[in-house]
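If you want the building blocks of each chain, they are given just below.
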Amino acid sequence: MDTAGAVLRAVLDHGPVARSSVARATRLSAASVSGVTTSLIGRGLVREAPEAAGPPGIGRPTVPLDIDPGAVAVIGVHIAVPHATVALLDLRGRVIEQHREPHGERDPARVLAGLAERIGKLRRRRRILGVGVATGGWVDAVAGTVVEHPALGWRDVPVAAVLSKATRFPVRVDSNSRALLRAEQLFGEVAARARRSAVHMFVGNVVDVAFATGGVVHQGPRSASGAVAHLSVEGCSERCSCGRTGCLQAAVSEQTLVRRAQVSGLPELLARAEDGDAYALSLFHERARLVGRAAALLLDLFDPEVLVVAEAGANRIPACRATLRAEVAAWSTAGADVEQVVRATSFPLTVLAVAGGAVALDQVYAEPLSPART
Ligand SMILES: [Zn+2]
């Protein structure tokens, strides 16, 4: 994070906030805060918020600074197995609009061409600072490639290069959990705790994990950190994409649930469960139990301040969240306060859009004045 990034983060955390308070929070001189602020205002990232200033007094009034939610935006893309979400997000990580469409076919070139077209439709809404893409499987964030996504059948797909050539925006790519952990650290309900240490678990058609200490999300030398899909779970007879049976991802994936319930997709199953359909609910409770066991293992392994689970049932149905926590408490031996530590995602209704957006926003908050975005 550079100087401008430190100032922008302080404004995000404390805004509306006086320049002098930003200087105190960042330990920068008043002169550097003032200089950087002028550039941030010029780029439309920060605005002066006169409505938040106190009553006029003697001397020069202090006009506080705040994040400008209206001038610029990022585009967040999430590539799931059956569909892709393309969204516009403001600098607070709030989704302005999002569109979900099924893939016509899964051939990477065709999917990416379709995404470039959809990105093009959003670009006229605001000045776009960058595009972030989140997906499952093994994602190399440094190279901008999907190394391997077995559920989608993708291997060595240069997503960032293809999309940035087609859209002319800076494009970054990362895994679901690493992206969502970053979103929790920037905009989440317990952001301060998540910045100290956190584990994130994403459960959809794919299952992946991320962990962070000291505010930094671990990538690993091969960008392979967080592969938990093939953790062995008891009593599962589903065949996994790796050829074995008993893998966590095969047991809890959306495809497995949808097939067992014979519904059109997860939204339908979720709607049934929320209406009290006993079979739909039982599938989500079973999923919560399996996810809870894996979460207990991660809790004991990392002892994080917070462990966030993004799983549709636990996100939306309080009873499933209780099942998840009870299972973690039953299997964890480290004595953590499960009610405090284990949490559902801060973004239950927009999780896919936020995952994509966070990949771009991470870079905006690291280097907000980077020439790539002028
Ligand atoms: Zn497997």
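Residues numbered from 1 in each chain as written. Predicted model: local features only at pLDDT ≥ 70, side-chain atom pairs only at ≥ 80, totals over all residues. Heavy atoms only, no water.

Chemist: I tried to follow the overall build of the chain on my own but got confused; where do I start?
Modeler: Helix and strand counts for the chain come out as 15 helices and 15 strands. In summary, the chain has a C-alpha radius of gyration of 21 Å against a globular reference of 21 Å for 374 residues, a match within 12%. Taken over the C-alpha atoms alone, the chain extends approximately 75 × 50 × 40 Å along its principal axes. Expressed as a percentage of its 374 residues, the buried residues of the chain come to 54%. (Helix = DSSP H or I, 4+ residues; strand = E, 2+ residues; numbered from the N terminus. Rg over C-alpha atoms; globule rule 2.2 N^0.38 Å. Buried < 20%, exposed > 50% of the residue type's maximum accessible area, 1.4 Å probe, protein only.)

Chemist: For this particular structure, what's the right way to read the sheet that holds strand S15 (residues 342-344)?
Modeler: Either a parallel or an antiparallel arrangement is found when strands of a sheet pair, and the pairing is made through backbone hydrogen bonds. An order of S13-S12-S11-S14-S15 is seen for the 5 strands of this open sheet, with the pairing classed as mixed. Because the sheet does not close on itself, it has two edges, and the strands there are strand S13 (216-217) and S15. Two elements, strand S11 (residues 197-203) and strand S14 (residues 306-311), share 6 bridges in a ladder whose sense is parallel. Along S14, the bridge assignment pairs Val199 with Leu307. (Pairing = 2+ DSSP bridges.)

Chemist: Would you mind showing me how to read the pattern of salt bridges here?
Modeler: Where charged atoms from two side chains of opposite charge approach closely, those side chains can pair. Under the criterion given, the structure shown has 19 salt bridges. A salt bridge links Asp362 to Arg172, with the nearest nitrogen and oxygen atoms 3.6 Å apart. With a gap of 190 residues between them, Asp362 in helix H15 (residues 351-366) and Arg172 in strand S10 (residues 171-175) connect regions that are remote in the sequence. Taking the relative accessible area as the measure of exposure, Arg172 reaches 31% and is therefore partly exposed. In this structure, the salt-bridge partner of Arg196 is Glu305, at a minimum N-O distance of 3.0 Å. Placement of the pair is Arg196 in helix H7 (residues 191-196) and Glu305 in the loop between helix H11 (278-302) and S14, with a sequence separation of 109 residues. What makes Glu305 partly exposed here is its relative accessible area of 30%. Three or more residues are tied together by salt bridges with common partners; here these are Arg172, Arg182 and Asp362. (Salt bridge = Lys/Arg side-chain N within 4 Å of Asp/Glu carboxyl O.)

Chemist: What is the right way to look at the coordination of the zinc ion in this model?
Modeler: Reference values for coordination geometry: four tetrahedral donors around a metal ideally subtend 109.5 degrees, six octahedral donors ideally subtend 90 or 180 degrees. Donor atoms from the polypeptide that bind the zinc ion are His230 (ND1), Cys240 (SG), Cys242 (SG) and Cys247 (SG), placed at 2.1 to 2.3 Å. The site at the zinc ion holds 4 donor atoms, and with the angles between them running 99 to 117°, its shape is tetrahedral. Along the chain, the residues donating to the zinc ion are arranged with the sequence spacing H-x9-C-x1-C-x4-C. Separated by 12 residues along the polypeptide, His230 in the loop between S13 and helix H8 (248-252) and Cys242 in the loop between S13 and H8 bring together distant segments of the chain. Classification of His230 by relative accessible area gives partly exposed; the value is 38%. (Donors = N, O, S within 2.8 Å, 3.2 Å for Na, K, Ca; no water. Tetrahedral: all angles 85-135°; square planar, octahedral: opposite > 155°, others 65-115°.)

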